[in-house]
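# Fold and geometry: a report
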Amino acid sequence: MRKTELLIPAGSLDVLKTAVVYGADAVYIGGEAFGLRAKAKNFTNEEIREGIDFAHERGVKVYITANILAHNDDLPGVEEYFKELKEIKPDALIISDPGVFAVAKRIIPDMELHISTQANNTNYGTYLFWHQLGAKRVVSARELSLAEIKEIRSRIPEDMEIESFIHGAMCMSYSGRCLLSNFMTGKDANQGACTHPCRWKYSIVEEKRPGEYMPVYENERGTYIFNSKDLCMIEYIPEMMDAGIDSFKIEGRMKTALYVATVARTYRKAIDDYSKDPEIYKVNMEWYKSEIGKCTYREFTTGFYFGKADSSAQIYDNNTYVKNYTYLGTVERIDERGFALIEQKNKFSIGETIEVMKPDGRNLEAVVKAIYNEEGVLQESAPHSRQVLYVDLEAEMEQYDILRRSEM
């Protein structure tokens, strides 16, 4: 059995640290340019260095996205950026554009290069093409079934790696190549600026009835005609491993630390359990499913892995998330009084029962005994986001614990 990597997204330095602590084997991040998540906080070069140091100290790799589809004006900047990354030394670059790939091979010839799903990698010939050019890994197109991936595995060199998505939002366009955002807002998804018009509500207007909007119905179920469910393969890890996939990739560089911690911890345990004993994996399935449901999601699908996706993979009546838990903050440190220092994310109050989520898999219920601001003033509640607080809970707390509240 091939060793399976759990690859987790991080949109900021704090989230990178969360991903590492909660079970990632590798994390992927974007620098300040040339990645496909321009609206994420992204990383300065100094933050990349700090993130790499933090990850490497704990045996975790860091990959950097440079997966835009480049225009002429981008290439000089790509060259300068890769010169900077040559000094920073991430573990790999994720690239989709052949021109950008050529620049990377020239500027950083020893860098491990991974080919993004954006490059439409749908057959073993494409994998062999990239392998001959020096790519170490190719990310499979989301349109592939597990049977197709298994055939690719059988036809490519043993040392070439396959990376496939296992969880997260699905794009309605082929391998993520979408023109809707560019056409409707002038912001190009293939340059990292997607405004997600696939999630919007649509109506139609008849030419001779301007201003008269009629809803778009699909099988009489609603109007969100492009809105895909989220991928979730927690129940099919054996099938993913059997297909010969080397890296299980979670989608979500725009997500919160709570989302990242939840999916990282759950998939980490599921992968480890199955690798140890398939029976343990079966016994713990309800726990995995329960935990995955504690982060925001749009309902789940298995995508294309078991055949062509049909109407059941879409959500036709809304574009809202299921949100069972609210993120309150991550413990930055414990002071001499035993209070947790956090940057508060959502409102909570004294007397509430909240949950302390720990990297080792435990969830501890705890009553909020006291909340103090930075000046030491006692507060009845914490209504303002991003406020730095000291929180006294009836629970054992440590750095990187996550505080969350059930909304169920």
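So, a few notes on the structure that sits alongside this text. It should be emphasised that the depicted structure is a prediction, and the values quoted were computed from it without experimental measurement. Within each chain, residues carry numbers counting from 1 in the order of the written sequence. Whole-chain, interface and lining totals are the exception, using all residues; otherwise, since this is a predicted model, local features are given only for residues with pLDDT of at least 70 and side-chain atom pairs are given and counted only at 80 or more. The basis for every side-chain value is the complete set of non-hydrogen atoms in the structure, without hydrogens or water.

## Overview of the side chain of Asn121
Numbering goes from the N terminus for both helices and strands, where a helix is a DSSP run of H or I of at least four residues and a strand is a run of E of at least two. Positionally, Asn121 belongs in the loop between β5 (112–115) and α5 (124–133). Relative accessibility decides the category of a residue: with a 1.4 Å probe and only protein chains considered, values under 20% of the type maximum give buried, values over 50% give exposed, and everything between is partly exposed. Here Asn121 falls in the buried class, since its relative accessible area comes to 0%. Within the local environment of Asn121, its side chain forms a polar contact with the backbone oxygen of Ser116, the two atoms lying 2.9 Å apart. Discounting residues that sit within four places of it in the chain, Asn121 has contacts with Ile115, Ser116, Thr126, Tyr127, Trp130, Val138, Val139, Ser140, Ala141 and Leu144. Throughout this description, a polar contact denotes any pair of N or O atoms lying within 3.5 Å of each other; where both atoms belong to protein, one of them has to be capable of donating a hydrogen while the other can accept it, and for residues adjacent in sequence the pair is counted only when both atoms sit in side chains. Any two residues having at least one pair of non-hydrogen atoms within 4.5 Å are treated as being in contact.

## So, helix α6 (residues 146–155)
For an α-helix the count is 3.6 residues per turn, leaving residues at separations of three or four pointing the same way. Restricting attention to buried positions, one finds in α6 the residues Leu146, Ile149, Ile152 and Arg153. Down the axis of α6, the buried side of the element spans an arc of 115 degrees, and every buried residue falls inside it. Structural note: α6 exposes Ala147 and Ser154 on the side pointing more than 90 degrees away from its buried face. Along its buried surface, α6 packs onto α5, β7 (161–168) and α8 (237–242). Comment: arc refers to directions from the helix axis out to C-beta atoms.

## Structural notes on the nonpolar core
The biggest cluster of nonpolar side chains holds 87 residues, and the ones touching the most others in it are Phe82, Leu93, Ile237 and Tyr267. The dominant element in this core, judged by the number of residues it contributes, is helix α9 (residues 257–276), at eleven residues. Setting aside residues up to four positions removed in sequence, Leu93 forms contacts with Ile64, Phe82, Leu85, Ala104, Ile108, Met111, Glu112, Leu113 and His114. Buried Ala, Val, Leu, Ile, Met, Phe, Trp, Tyr and Cys residues that are joined via side-chain atoms within 4.5 Å together make up what is termed a nonpolar core. With 16 residues, the next largest nonpolar core counts Val331, Ala340, Phe348 and Val391 among its residues.

## A short note on unusual backbone geometry
One non-glycine residue, Arg386, lies in positive phi territory at about 70 degrees. Positionally, Arg386 belongs in the loop between β19 (381–382) and β20 (388–393).

## So, the packing of helix α3 (residues 75–88) against helix α4 (residues 98–107)
In a packed pair of helices, the relevant descriptors are the angle between the two axes and the axis-to-axis distance. To get an axis, fit a line to the C-alpha atoms, keeping to the stretch in contact for a helix; angles then go from 0 to 180 degrees between the N-to-C directions. Two elements in contact, α3 and α4, have axes separated by 10 Å at closest approach and are oriented at 40 degrees. Considering their axes alone, α3 and α4 lie oblique with respect to each other. Crossing of α3 against α4: the hand is right-handed. Contacts between α3 and α4 involve Leu75, Val78, Glu79, Phe82, Lys83 and Lys86 on the former and, on the latter, Val100, Val103, Ala104, Arg106 and Ile107. Classification convention: Asp, Glu, Lys, Arg as charged; Ala, Val, Leu, Ile, Met, Phe, Trp, Tyr, Cys, Pro as nonpolar; all other residues, Gly among them, as polar. Its residues placed into classes, the contact of α3 with α4 shows seven nonpolar, no polar and four charged. Any angle that is under 35 degrees is reported as roughly parallel, and any over 145 degrees as roughly antiparallel; angles of 65 to 115 degrees are reported as roughly perpendicular and all others as oblique. Each crossing gets its handedness from the near helix: less than a right angle anticlockwise from the far helix is left-handed, clockwise is right-handed.

## Considerations on the packing of aromatic side chains
To pair, rings of Phe, Tyr and Trp, with the six-membered ring standing in for Trp, must have centres within 6.5 Å; the planes then decide the type, stacked if under 30 degrees apart, edge-to-face if over 60, and tilted in the middle. Taken as a whole and assessed by the stated rule, the structure comprises nine aromatic pairs. Ring geometry for Phe54 and Tyr400: centres 6.1 Å apart, planes at 70 degrees, overall edge-to-face. Here Tyr400 lies in the loop between β20 and β21 (402–406) and Phe54 lies in helix α2 (residues 45–57), a separation of 346 residues in the sequence. Take Phe54: its relative accessible area is 8%, and that puts it in the buried class. Considering the side-chain rings of Trp287 and Tyr288, the 6.2 Å spacing of their centres and the 80 degrees angle between planes classify their relative orientation as edge-to-face. Residue Trp287 is classed as partly exposed on the basis of its relative accessible area, which comes to 25%. Ring-pair connections join several aromatic residues into one group, and the members of that group are Tyr274, Tyr281, Trp287 and Tyr288. Working rule: Lys NZ or Arg CZ, within 6 Å of ring centre, within 35 degrees of ring normal, means a charge sits over the ring. Residue placement shows Arg142 over the ring face of Phe165; its charged tip is 3.8 Å from the ring centre. Positioned over the ring face of Tyr259 is Lys255, at 4.9 Å from the centre of the ring.

## Quick look at the pairing of strand β14 (residues 340–343)
With burial as the criterion, each face of β14 is covered, one bearing Ala340 and Ile342 and the other bearing Leu341 and Glu343. Taken together, the three bridges between strand β13 (residues 325–334) and β14 define a ladder with antiparallel strand orientation. Looking at the pairing, Val331 lines up with Ile342 of β14. Two strands qualify as a pair provided DSSP detects at least 2 bridges between them. Once β13 ends, the chain turns through five residues before running back antiparallel as β14, passing Gly338 with a positive phi of about 90 degrees.

## Considering the environment of Ile52
Assignment of secondary structure puts Ile52 in helix α2. Considering only alpha carbons, one finds Ile52 and Lys17, 35 residues apart in sequence, at a separation of 9.9 Å. When near neighbours in sequence (up to four residues on either side) are disregarded, Ile52 contacts Val62, Ile88, Lys89 and Pro90.

## Details of the side chain of Thr65
Checked against the element boundaries, Thr65 lands in strand β3 (residues 61–65). The exposure class of Thr65 is buried, given its relative accessible area of 3%. Within polar-contact distance, the side chain of Thr65 engages the side chain of Arg253 at 3.4 Å.

## A look at the pattern of salt bridges
Between side chains of opposite charge, pairing is possible as soon as their charged atoms come close. Salt bridges are counted wherever a side-chain nitrogen of Lys or Arg sits within 4 Å of a carboxyl oxygen of Asp or Glu. A full pass over the atoms with the stated rule returns 35 salt bridges. Across the salt bridge formed by Glu398 and Lys358, the nearest N and O atoms sit 3.4 Å from each other. Of this pair, Glu398 sits in the loop between β20 and β21 while Lys358 sits in the loop between β16 (353–357) and β17 (363–373), and the two are 40 residues apart along the sequence. The partly exposed category is assigned to Glu398, whose relative accessible area is 40%. Note on Lys358: relative accessible area 1%, which makes it buried.

## Focus: the environment of Lys105
Checked against the element boundaries, Lys105 lands in helix α4. Here the alpha-carbon distance between Lys105 and Phe82, two residues 23 residues apart in the chain, equals 9.9 Å.

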